[in-house]
Amino acid sequence: MDIKFVSSDEVKELSLYLQKMNAEKSSHIGFCGEQSEEIYNSLMNDFSDLKIEDSFAVAWDQSKMIGAMGLDVDLGSGTADIWGPFVTDGNADTAQALWEKVLLKIPQEIKSCSFFVNKDNRFAKKFAMQNDAQYSGRDMVLNITRSTFTAEAMNASEKIGEEYHDSFARLHDEAFPKTYFNSGTILNRVSNHNNLLVIKEGKSKIKGYVYIEANPDHDEGNIEYIAVSEEFRGQGIGKRLLTDALKKFFSYPSIDEVTICVSCENAAAINLYKAAGFKEKYVLDSYDLTM
């Protein structure tokens, strides 16, 4: 067995390997995508603050790829998301060797790493715990398809204006104090395909918001965040935001499925999504490791 960092001309092969491994619940990792084209695009364009050649270690048996592990490094937040371990034969020694390889490249700015593992991926969960990662919670991924979505006629929300930025920032940072995108990051990510939709209250205040990212080139859409201010809850605002988000997604002919991830402890949100037609896709367990 030979373990080395992936080269740029091996990323397509790596993407096909990750697609194959992530198709099975027993080896599924939440951070990784499910289609090779999507995975390839992420690895090449939106993966880590490090070069891809310094981010992913691959195990080879002669010319056959048998394992992989990567670190999606965010230097600004001092965190890294762990893609893996992916090991074809479930060999714990291979997983450990991959881990020791990627650790050689981890910057000193990184203070914590996170595993996001399918609840049925016992191999990865055992690996995380054996390397001192601590269980930190369980999330549910739900999805809805175009064929099961029923749209309402009128839009209740609209794209955010600059005068509502402060109100959005307060609500987001209160609702999601420890998350991968802070309010400033979201505002910077808004684009033609990434939309921050709000329901307004007056000239500078919002009742709630939903932030969505569409990727029509890879036929997918993700609802990243949705929140309603406490004083406006119980008025159906969450459902209206959710409906508008889905209408936006399904305006793209190529997008037939939308996913959302929510804490399993958030029963109210899960009920909201299921009422809108979402179905449970899989459940993921989180493990955090302090470096």
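That block above? That's the structure.
Each chain carries its own residue numbering, running from 1 in the direction its sequence is written. With the structure being a predicted model, the display of local features is reserved for residues of pLDDT at least 70 and the display and counting of side-chain atom pairs for 80 or more, all residues being used for whole-chain, interface and lining totals. Heavy atoms from the whole structure form the basis of all side-chain values; hydrogens and water molecules are not counted.

What about the packing of aromatic side chains?
- Between the rings of Phe, Tyr and Trp (Trp by its six-membered ring), a pair exists once the centres lie within 6.5 Å; its type follows the angle of the planes, with under 30 degrees stacked, over 60 edge-to-face, and the other angles tilted. Under the criterion given, the structure shown has 14 aromatic pairs.
- Ring centres of phenylalanine 115 and phenylalanine 127 lie 6.1 Å apart, and the angle between their planes is 70°; this geometry places the pair in the edge-to-face category. With phenylalanine 115 in strand E5 (residues 112-118) and phenylalanine 127 in helix H4 (residues 122-130), this residue pair connects regions lying 12 residues apart in the sequence. As far as burial versus exposure is concerned, phenylalanine 115 and phenylalanine 127 are alike and both buried.
- Through a chain of ring-to-ring contacts, three or more aromatic side chains come together here, namely Phe176, Tyr180, Phe181 and Tyr225. Helix and strand assignments follow DSSP, with helices taken as H or I runs no shorter than four residues and strands as E runs no shorter than two, numbered in order from the N terminus. Burial here depends on accessible area, computed with a 1.4 Å probe over protein chains only, as a share of the maximum for the residue type. Under 20% is buried, over 50% is exposed, and the range in between is partly exposed.

Describing the environment of phenylalanine 127
- Judged by its relative accessible area of 4%, phenylalanine 127 is buried.
- Considering only alpha carbons, one finds phenylalanine 127 and proline 85, 42 residues apart in sequence, at a separation of 7.9 Å.
- Contacts: residue pairs with any heavy atoms within 4.5 Å of one another. Apart from residues no more than four positions distant in its own chain, phenylalanine 127 is found in contact with Met69, Pro85, Ala95, Gln96, Trp99 and Phe115.

A short note on the packing of helix H1 (residues 11-22) against helix H2 (residues 36-45)
- The contact between H1 and H2 brings their axes to 8 Å, and the two run at 130°. Between H1 and H2, the angle is such that the two are oblique. The hand of the H1/H2 crossing is right-handed. On H2, the residues that touch Val11, Lys12, Leu14, Ser15, Leu16, Leu18 and Gln19 of H1 are Ser36, Ile39, Tyr40, Leu43 and Met44.
- Just so you know the grouping, Ala, Val, Leu, Ile, Met, Phe, Trp, Tyr, Cys and Pro go in nonpolar, Asp, Glu, Lys and Arg go in charged, and all remaining residues, Gly too, go in polar. Class assignment for the residues of the contact of H1 with H2 results in 8 nonpolar, 3 polar and 1 charged. Fitted lines through C-alpha atoms give the axes, limited to the stretch in contact for helices. The angle between two N-to-C directions lies from 0 to 180 degrees. Should an angle lie under 35 degrees it is considered roughly parallel, over 145 roughly antiparallel, and from 65 to 115 roughly perpendicular; all remaining angles are considered oblique. Whether a crossing is left-handed or right-handed is set by the direction in which the near helix is turned from the far one by less than a right angle, anticlockwise for left-handed and clockwise for right-handed.

As far as function goes, none of this settles anything; it's purely spatial.
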